[in-house]
Amino acid sequence: MDKKRYVSGNFASGISACMVAAVASLLLPASCGVGSKVSDILDRDVHVGMSIPWEEDRLAADDGWEDGCGVVRDTTDKDRDGGGDPLIMNAVRETSTGDMVATDVISASRVVARFRNVAERGGAVSLEFDITVPPDMIDSRWKLKFLPKMDAMGRKSSLEPLYITGERYRAAQLRGYERYQAFLASIITDSSVFVRTDQLEKFLMRYYPGIYAMKTDSSFVSDPEAENLFGVSQREALEHYTRHALVQRNENRKKSRETMFRKYVKDPIVSEGLRLDTVLAGADGALCYRYVQNVRSFPGLRKITVSLDGEVYADGKRLLALHHPDSLVFYVSSLSSLVDDTPKYQTVVRYRRIYDNTSAFIDFSQGSAEIDTLLEGNVSELSRIRKCIEDISSKAEYVLDSMTVTASCSPEGDYGFNSRLAGARALSVLDFVRSEFPDSLHPRLRTASVPENWDRMKLLVRNDSTLSPVIRDKIMSVSPACDKDSAETALSSLPGYIYLREKIYPRLRSVKFEFWLHRPDMAKDTVHTAELDTAYMSGVEAIRNLDYRKAVSLLRQYSDYNSALACLSAGYEETALEILAGIRQKSAKANYLAALVMARLDMKAEAMEYYSRSVIQDPSMRFRANLDPELSPLLRKSNDEETYITDKLSVTMKKTFITGAAAVFFLAACTQEPRPMCQESLEKVELSVTVPVSSMTKVTDIGNENAVNRVQVFVFREDGSIDAWSIAESDSLVIDCTAGDREVVAVVNAPRIVNIFNIDALKEEVSDLQDNSVGSLVMSGSKKVTLSASASITVPVRRLVARVSIERIVTDFALEQYRNSEFIIKGIYLTNVAGDVHYIGDEAPSYWHNSQGKDLLEQELIETGEMSEPVVSGIPYDTPHYFYCCPNPYLADSYAEEWSPRHTRLVVEASLSGRICYYTMTMPVIESNHLYTVTELRITRPGSSDPEQEMLPGDASFTIEVEDWEEGYTGQFEI
Amino acid sequence: MRILKYCLVLACMAVMSATGAEARRFAVSTNLAGYANLGTLNAELAYSFARRWTVNAGVKYNPWTFRASGRQFQNRQQSYSAGARFWPWHVYSGWWIAGKLQYQEYNTGGIISRRTEEGDRAGAGLTAGYTYMLHPNLNIEFGIGLWAGVKWYVEYACPACGLTLSSGRKGFILPNDLLISISYVF
């Protein structure tokens, strides 16, 4: 309105002024803000060009991948000029308050999903998405509120809002709080301020002298109603001297606290129930917030839709309502969909005839068969018996055939009397309960009696722990075989008799009730029925309901696929692994689960192995792997290996599309077969592989150079693709592969070789020298075989390394001075040692050890270590030393300073009168599985000062024997 | 004048002979600002007979003539007044308004100009003010008042001469009190 008046002021004098104003308004839109529409359009023009739909591949991802998810860069319609400029915008009537509120469908922020597919784990789903606020929306005077809303299969909820507050906005909020605090401080809390106490006091002192005179008196005084000489009471005086206006003003202030709060603090600072509240100071760039929300999952949750609403606040009032036009959709996958739903049955055996019994301890008085129903023990026992009989009779599925009451007595007393007594007791008890049974049954109610229950007594005594073993044995030894009464007297003379009478005998006076029942609806004696195992089915149900703990508790005992799935979902990976290992014939799903477990336990190679097995069995598992975050990164890393399988599949599929009827046939064949190799159905055979190293023994073998600790076997098809592989920690194994022409490669004592999908991959594998150790030398070999049925073959293997050894060192110096000087061998080692060798094929080593003798690290295979062996002239040093090295194929030798591949050398380092000298023996071309032995080194002159220096012929003499390791050869060479 | 003196003495005697005088009924006060009025001695006696009323009688006496190097000025007076005060809240504290009758014999001159006026005034006055309690026995009073009445006067040309300028009887209205007085409450 102000601006309009300004304009009309300019219009005051005619058209020229009008033109001036119009031009001015066009030229100075920002500063003058003349003409709201003009400034509006100008602003809109600036921003419209910036609305670019974003593609999410602009984002860098460390894991997971982003799907296209409707990222739209939004425009903003912000009034840069600040207050005072009327801004013309669309308005809608807000339904809740009825106000007209400015609104613009300005998609003002970029929301990007990082993962379109989310996996449910442990009953919860983690949603992550980015909210990006472009710099245009960020203003120091504004507060932005973003409210994500989530719709999970119809269940709508709002997530916690984000607040992005401009600095000036926050300062204004804080100022509001300060002003409110100042207002609160102005409320007087001390009521003595309201009274003019000085005047009141003087008045009271002047006119109520009695009170003050009695101030020191302890008796009760000070009636506030007391009047002074003119009839003015103290209360009136107090009233007069109170500043009533101040009191009133204070009360008003107290009452208006709420309104004042609302007036000063227009927009309170919220600190709870929100996700983020940032204050941006001078931010020029966009703000990106990664919103992470954990959502409780429920069965049937497949899709979660997230939409974003926003609001812009300025000066405490809502300025704009924003709504992001697109929403993000997350698809939820769950392990529970892998559950196996087949019903499980358990066998239940039902018998036709049932037997049941119960005992009662009924107190009879001495020698009597009367039941005293007033005794407390008897009452409870009899009622229990009655209830028991009632229970049995009332069950509809059973029919009572007969019942027997057996009464027994304790051993004391005459046997004959006891037997009659027991019979009488049984009868009296039977009479007592007879009324419980229908009349038809009465003939079948029997009695029996055990006059003196010696067996039970012996049993009780034997199991009684309070009796000492001595007494127990004595009691047990009393045999009631012949005459019970004399046995009784014998017993009565024992020291433990009192205990027997007090404690054991009462338990012998029992009455036993035995029931025989049968099922009326059964004809056969026993019936085996298969019932649905409800515990198992409820466990499966629990998996479906994502209640994993309950599922584990129900299914653990079954140790099958579903049980493994439950354990895996609940996070018990080791248990799941155990269970899966116990499953012999794993289905595709079981292999897939095993892959998941391995991936979770961070054993990536094994995971890939199981996964590939699973895909071989069921190619659709490949698509499942995309959904599980444990496996998808592994898949992407090993994409080339995977393509081999998928390529086969895709190639086959392509063929089906190209060729006609044959294609249809192949397609049918493919979809029927569980395996993807659709060319022909391959017969499975079992191959037993052994490596006959034990026959390759030499006398000079040390340690256990032919030990086989582990063998790994690969079976390749004619085209070089892998058919099967297996590994065992022994010297033979059985492997399941398919029939046909196969090449079997065995690798012994090597570390696990993984990810071999064809023979070329294996040809590229190398074995390091360090893989060998004394007693575990790496060997390899291969054999071609045609398999038609299960067979067993031996694969000949050769050691990959060669052995270099020196057997004797003799000093035979020509010069006298050396003969008497001290000669100490400091060390013997190999230099220029090849570091690695291929398992199959001969190729050059890729790295070297101890080249030119310069970097002798501690490698026990190629050096002896520190030695200090003195050699006296004439007495040879006889200890042989053995070294292992990888084959060195280089023909040309070189002694150049600069490193180049050269022959391996055996160096003896010695100290001759304190001076270090080297005796170098250069080996010929070293081949694998050969022995290179220096039988004797005869030293005649001081050696060279550098291990890489060629030794002159006069320094020493030696010869090198070369022989094949395999052949049994013993012999010595004379130099 | 003599009658008034007699009344005053009677009043004092009445006061002094009052037996069993209850506390806080009597007050004597003197106006400090009055001393600034060329040293006018003044005193007033008040008696409260009800919660909101006092009667008072006062006297002012200024015998001083100031002669300094040929110049002479004076504001000699003796005035006797009797009046009553109304205290809306309670006597001897807070706001009050008073009316009184006053007789004054005066001789004023040489202060602003040499003209000197001498005569008698009689009239009624109205004063209002506020009393602040300093002590159970001590008050400080602030007040302002004016009075109006009739004066019989002779006006001379100079303070110590006999040249008459005018004389007669006239009405007058003058400010009477400017009180900053201390009163002692018995």
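Residues numbered from 1 in each chain as written. Chains lettered and ligands numbered in written order. Predicted model: local features only at pLDDT ≥ 70, side-chain atom pairs only at ≥ 80, totals over all residues.

## Observations regarding the overall build of chain A
Scanning chain A from N- to C-terminus turns up 28 helices and 42 strands. Burial statistics for chain A: of 975 residues in total, 28% are counted as buried. (Helix = DSSP H or I, 4+ residues; strand = E, 2+ residues; numbered from the N terminus. Buried ≥ 20, exposed ≤ 12 C-beta atoms within 10 Å, placed from the backbone.)

## Structural notes on the overall build of chain B
Summing up its helical and strand segments, chain B has 2 helices and 9 strands in all. Start at the N end of chain B and walk to the C end: the helices and strands fall as α-β-α-β-β-β-β-β-β-β-β. Pairs at least 24 residues apart make up 54% of the contacts formed inside chain B by residues separated by at least 6 positions. (Contact = placed C-beta atoms within 7 Å.)

## Here's the deal with the environment of Asp 363 of chain A
All names here are of chain A. Looking at where Asp 363 falls in the secondary structure, it is placed in the loop between β17 (353–360) and α11 (376–394). Considered as a pair, Asp 363 and Leu 375 are 12 residues apart in the sequence and their alpha carbons are 7.9 Å apart. Beyond its immediate chain neighbours, meaning those up to four positions away, Asp 363 contacts Asp 372, Leu 375, Gly 377 and Asn 378.

## Some details on the sheet that holds strand β37 (residues 869–870) of chain A
Residues and elements named next belong to chain A. If you trace the 4 strands from one edge of the open sheet to the other, you get β37-β33-β39-β40, paired in antiparallel fashion. With partners counted over all chains shown, the strands left at the sheet margins are β37 and β40 (915–922), one partner each. Note: strand β39 (residues 905–912) against β40, 8 bridges, orientation antiparallel. Bridging across to β40, Val 908 finds its partner in Tyr 919. (Pairing = 2+ DSSP bridges.)

## Examining the packing of helix α5 (residues 167–185) of chain A against helix α10 (residues 257–264) of chain A
Residues and elements named next belong to chain A. Contact geometry of α5 with α10 gives a least axis separation of 8 Å together with a crossing angle of 155°. Taken together, the axis directions place α5 and α10 in an arrangement best described as roughly antiparallel. Once α5 is placed against α10, the crossing between them reads as right-handed. In this structure, α5 uses Gly 176, Arg 179, Tyr 180 and Phe 183 to contact α10, whose residues at the interface are Met 260, Phe 261 and Tyr 264. Taken together, the residues of the contact of α5 with α10 break down into 5 nonpolar, 1 polar and 1 charged. (Axes fitted to C-alpha atoms, helices over the stretch in contact; angles between N-to-C directions. Parallel < 35°, antiparallel > 145°, perpendicular 65-115°, else oblique. Left-handed = near helix turned anticlockwise from the far one by under 90°. Nonpolar A, V, L, I, M, F, W, Y, C, P; charged D, E, K, R; others polar.)

## Description of unusual backbone geometry
Despite not being glycine, Ser 913 of chain A has its phi angle at roughly 50°, a positive value. Of note, Ser 913 of chain A is situated in the loop between β39 and β40. Take Ser 913 of chain A: there are 13 C-beta atoms within 10 Å of it, and that puts it in the partly exposed class. In the Ramachandran plot, Tyr 92 of chain B falls in the positive-phi region, its phi being about 65° despite a non-glycine side chain. Within the secondary structure, Tyr 92 of chain B sits in the loop between β5 (71–86) and β6 (94–109).

## Examining the sheet that holds strand β26 (residues 740–748) of chain A
All names here are of chain A. Spatially, β24-β23-β26-β28-β30 is the arrangement adopted by the 5 strands of the open sheet, whose pairing is antiparallel. Strand pairing shows two members of the sheet lacking a second neighbour, β24 (722–728) and β30 (798–799), which therefore form its edges. Looking at chain direction, strand β23 (residues 711–716) and β24 are connected through 6 bridges and run antiparallel. Counterpart to Phe 716 in the pairing with β24 is Ile 722.

## Some points on helix α18 (residues 548–555) of chain A
Every buried residue of α18 of chain A is accounted for by Tyr 548, Ala 551, Val 552, Leu 554 and Leu 555 of chain A. In this fold, the buried residues of α18 of chain A make contact with α17 (534–544) and α19 (561–570) of chain A.

## A look at the nonpolar core
Residue and element names in this part refer to chain A. In this structure, Ala 746, Val 748, Cys 885 and Leu 937 are the most contacted members of the largest nonpolar core, which totals 62 residues. Not counting chain neighbours up to four residues away, the residues in contact with Val 748 comprise Val 691, Val 708, Arg 710, Val 711, Val 778, Met 779, Ser 780 and Val 797. Ala 542, Leu 565, Val 597 and Val 615 belong to the second-largest nonpolar core, a separate cluster that totals 41 residues. (Core = buried A, V, L, I, M, F, W, Y, C linked by C-beta atoms within 7 Å.)

## Observations regarding the environment of Val 339 of chain A
Examined against the element boundaries, Val 339 of chain A turns out to sit in the loop between β15 (328–334) and β16 (345–351). Not counting chain neighbours up to four residues away, the residues in contact with Val 339 of chain A comprise Val 540, Ile 543, Arg 544, Asn 562 and Leu 565 of chain A.

## Re the confidence of the model for chain B
All names here are of chain B. Across chain B, pLDDT averages 88, with 90% of residues at or above 70. This model gives residues 17–21 a pLDDT under 50, and the stretch forms 1 contact once residues within four places in sequence are excluded. Across the interface, the model reports ipTM at 0.84; the global pTM reads 0.46. (pLDDT = per-residue confidence, 0-100.)

## Things to note about the packing of α19 of chain A against helix α20 (residues 573–582) of chain A
Residue and element names in this part refer to chain A. α20 packs onto α19 with a crossing angle of 165° between their chain directions and a minimal axis gap of 7 Å. Taken together, the axis directions place α19 and α20 in an arrangement best described as roughly antiparallel. Between α19 and α20 lies a crossing whose hand is left-handed. Between α19 and α20, the contacting residues are Ser 563, Ala 564, Cys 567 and Leu 568 on the first element and Glu 573, Thr 575, Ala 576, Ile 579 and Leu 580 on the second. Tallied by class, the residues present in the contact of α19 with α20 amount to 6 nonpolar, 2 polar and 1 charged.

## Points about the environment of Val 785 of chain A
Residues and elements named next belong to chain A. Checked against the element boundaries, Val 785 lands in strand β28 (residues 779–787). Taking the C-alpha atoms as reference points, Val 785 and Val 744, separated by 41 residues in sequence, lie 7.2 Å from one another. Residue contacts for Val 785: discarding those within four places in its chain leaves Arg 742, Val 744 and Ile 793.

## Let's talk about the confidence of the model for chain A
Residues and elements named next belong to chain A. Mean pLDDT over chain A: 77, with 80% of residues reaching 70 or higher. Mean pLDDT values over the elements of chain A span from 30, in strand β1 (residues 53–54), up to 94, in helix α9 (residues 244–255). Counting interchain partners and residues more than four positions distant, the pLDDT-below-50 stretch residues 1–11 has 11 contacts. Per-residue pLDDT stays below 50 along residues 44–82; that stretch engages in 73 contacts with residues further than four places along the chain or on separate chains.

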